[in-house]
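Now for the letters of each chain:
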Amino acid sequence: MEGAKARPRRRVWVWSAVGALVVVGAVAGVLVARNAGGNGKKKSDKDAPPAAPVELTEVRRGSLATWLQTTTTLEARNSATVIARAPGEIVRLAVEEGEWVEKGGVLARLEDTEARLAVQRAEVALEMAKRESERGQKMGEQGFLSDRELDDHKLKLRNAGLELEQARHDLSETRLVAPFAGRVSERLVNLGETVVAGKECFRLVDYDPILARVYFPERELPRLRIGSPATVELDGHPGHTFTGRVSLVNPVVDRSTGTFKVTIEVRDPESRLRPGSFARVRLRTGSFDDTVLLPRRAMVVEDGDEYVFVAHGDTVSRVAVQVGAVTGDTAQILAGLVAGDSVVTIGQGGLKQGSRIKPVRL
């Protein structure tokens, strides 16, 4: 009886042990499978390249103007040094430095007593010559004078007229007058000073409009036209822009520098600009309306070709573009893009076709 009872107990223990082994094996299989799946996922994430942080800009349509920029020194339209044409003492100064004078206006007067007396003597001589000529004409008609004597009377009359013109000219030389309307920039003589012929007495300038003469490389010659608008800025007038226009484009290129001269007229009704001032000049060479625009920094140059990276979701494609006019950091796109495209403008250095990106605000 005891032996019969022991056999069932042994069978129960054996089957219990087998069950335990099966359970342990199943658990171990599950753990191995999980570990294998987890390791595979980590390995895949490690191998995949991370998304590159980039800044995106939307392509837009707008207007673009192209400019040439340079610096220069402003010049007066006209400038002259007025000299004494006759010797004499300065008896009157009619203007001072900074004053405006019209063309022909008197700047100063020399002592003119002798010159006025000479005019009076010439006037008397001319009157006498006229009377003699009239008497000779009547006597000639009566046959008392020969043709030769009549010709002598005519020559005397003509000579008296020339003497009067000379005397009046000499009198005018005692007046120093303005050759054009302008402003006195410098007075070089004093009241009571005795000057000689050729002495510099006044300097006169006309700077309405004031001129800006600039020089550009020969390649820019086809882009410039008379009447093209320009702007001028000066350190002495911060924040203010003066407008001007091209008045002259010199067609001759300087052989030594390879440049040509452009003259710009700048109107200044308030007379704030002065000759000799340093100025920054911008000259408009073209204007484009309703054109495709993109920041220039989005371009990548390779072997002379330009291309950009266009975003499509979280990836990019490399697109070749044709660039037209450029102003500052804005470029005109002639082909390759349309308005609404999203283009990488920062972070494109390490990108290639199909690269993953992560747009961020920089």
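Provided above is the structure to which this section pertains.
The model shown is predicted, which means the values in this text are computed figures rather than measured ones. (Residues numbered from 1 in each chain as written. Predicted model: local features only at pLDDT ≥ 70, side-chain atom pairs only at ≥ 80, totals over all residues. Heavy atoms only, no water.)

Draft legend 1. Broad picture of the overall build of the protein chain. When helices and strands are counted, the protein chain shows three helices and 22 strands. Within the protein chain, contacts between residues separated by at least 24 positions form 74% of all contacts whose residues are at least 6 apart in sequence. On the protein chain, roughly 22900 Å² of surface is accessible, and the fraction owed to carbon and sulfur atoms is 52%. (Helix = DSSP H or I, 4+ residues; strand = E, 2+ residues; numbered from the N terminus. Contact = heavy atoms within 4.5 Å. Areas by Shrake-Rupley, 256 points an atom, 1.4 Å probe, with all protein chains shown as cover.)

Draft legend 2. Structural view of the pattern of salt bridges. Considering all chains together, one arrives at 22 salt bridges under this definition. Between arginine 280 and aspartate 235 there is a salt bridge; the shortest N-O distance is 2.8 Å. Of this pair, arginine 280 sits in strand S15 (residues 278–295) while aspartate 235 is found in the loop between strand S12 (229–234) and strand S13 (242–249), placing the two residues 45 residues apart along the sequence. What makes arginine 280 partly exposed here is its relative accessible area of 33%. Owing to a relative accessible area of 53%, aspartate 235 belongs among the exposed residues under this scheme. Residues participating in the shared-partner salt-bridge network are Arg109, Asp112, Arg116 and Arg175. (Salt bridge = Lys/Arg side-chain N within 4 Å of Asp/Glu carboxyl O. Buried < 20%, exposed > 50% of the residue type's maximum accessible area, 1.4 Å probe, protein only.)

Draft legend 3. Summary view of the side chain of threonine 57. Secondary-structure assignment places threonine 57 in strand S1 (residues 52–58). With a relative accessible area of 19%, threonine 57 lands in the buried category. Engagement of the side chain of threonine 57 in a polar contact is seen with the side chain of threonine 345, the distance being 3.1 Å. In this view, threonine 57 contacts Pro295, Arg297, Asp341, Ser342, Val343 and Thr345; residues no more than four positions away in its chain are not counted. (Polar contact = N/O pair within 3.5 Å; in protein donor to acceptor, adjacent residues only side chain to side chain.)

Draft legend 4. Just a negative patch on the surface, in detail. A contiguous patch of negative charge, built from Asp147, Glu149, Asp151 and Asp152, is present on the exposed surface. By the secondary structure assignment, aspartate 147 is in helix H3 (residues 147–172). (Patch = residues over 30% accessible without salt bridge, like charges linked within 9 Å, V, L, I, M, F, W, Y side chains within 5 Å. Lys, Arg positive; Asp, Glu negative; His and termini not counted. Charge placed at Lys NZ, Arg CZ, Asp CG, Glu CD.)

Draft legend 5. The pairing of S1, seen in detail. Looking at chain direction, S1 and strand S22 (residues 357–359) are connected through three bridges and run parallel. Each bridged residue has a counterpart across the sheet, and for alanine 52 the counterpart in S22 is isoleucine 357. (Pairing = 2+ DSSP bridges.)

Draft legend 6. Representation of the side chain of threonine 174. Tracing the backbone shows threonine 174 in the loop between H3 and strand S7 (175–177). According to the relative accessible area criterion, threonine 174 is buried, its value standing at 6%. Excluding anything up to four places from it in sequence, threonine 174 contacts Ala108, Arg109, Leu110, Glu111, Asp112 and Ala115.

Draft legend 7. Local environment of the nonpolar core. Judged by nonpolar contacts, the single largest core of 24 residues is most densely connected at Phe216, Leu224, Val262, Ile264 and Leu283. Every element with two or more residues in this core is listed here: strand S2 (60–75), strand S11 (210–217), S12, S13, strand S14 (259–266) and S15. The residues touching isoleucine 264, leaving out its near neighbours within four places in the chain, are Ile210, Leu211, Ala212, Val214, Ala230, Gly244, Arg245, Val246, Ser247, Val281 and Leu283. In this structure, Ala84, Val101, Ala178 and Val189 belong to the second largest nonpolar core, which totals 17 residues. (Core = buried A, V, L, I, M, F, W, Y, C linked by side-chain atoms within 4.5 Å.)

Draft legend 8. Highlighting the sheet that holds strand S10 (residues 200–206). Strand order in the open sheet formed by four strands is S3-S10-S8-S5, and the pairing between neighbours is antiparallel. Because the sheet does not close on itself, it has two edges, and the strands there are strand S3 (78–83) and strand S5 (100–101). Bridge count for strand S8 (residues 182–187) against S10 is four bridges, and the pairing is antiparallel. Along S10, the bridge assignment pairs glutamate 186 with arginine 203.

Draft legend 9. Inspection of H3 at higher detail. If you check H3, its first and last C-alpha atoms are 38 Å apart, about what 26 residues at 1.5 Å a residue would give, namely 38 Å. Looking at the buried residues of H3, the elements they touch are helix H2 (113–141). (Expected span 1.5 Å × (residues − 1).)

Draft legend 10. Summary view of the packing of H2 against H3. In the contact formed by H2 and H3, the axes pass within 8 Å of each other and the chain directions differ by 165 degrees. Taken together, the axes of H2 and H3 are roughly antiparallel relative to one another. Handedness of the crossing formed by H2 with H3: left-handed. When its residues are assigned to classes, the contact of H2 with H3 shows 13 nonpolar, six polar and eight charged. (Axes fitted to C-alpha atoms, helices over the stretch in contact; angles between N-to-C directions. Parallel < 35°, antiparallel > 145°, perpendicular 65-115°, else oblique. Left-handed = near helix turned anticlockwise from the far one by under 90°. Nonpolar A, V, L, I, M, F, W, Y, C, P; charged D, E, K, R; others polar.)

Draft legend 11. Seen up close, unusual backbone geometry. Residue proline 209 is bonded to the preceding aspartate 208 through a cis peptide linkage, with omega at 5 degrees. Looking at where proline 209 falls in the secondary structure, it is placed in the loop between S10 and S11. One non-glycine residue with positive phi stands out, namely aspartate 303, at about 55 degrees. Examined against the element boundaries, aspartate 303 turns out to sit in the loop between strand S16 (300–302) and strand S17 (305–312). Exposure remark for aspartate 303: the relative accessible area of 73% places this residue in the exposed category.

Draft legend 12. Main features of the packing of aromatic side chains. In the structure shown here, the tally under the stated rule is one aromatic pair. Where tyrosine 307 meets phenylalanine 309, the ring centres are 5.8 Å apart and the plane angle is 85 degrees; that geometry is what we call edge-to-face. Its guanidinium or amino end placed over the ring of tryptophan 67, arginine 282 lies 4.3 Å from that ring's centre, counting from NZ or CZ. One residue, arginine 318, lies across the ring of tyrosine 307, its end atom 3.6 Å from the ring centre. (Phe/Tyr/Trp six-rings, centres within 6.5 Å; stacked < 30°, edge-to-face > 60°. Lys NZ or Arg CZ within 6 Å of the ring centre and 35° of its normal.)

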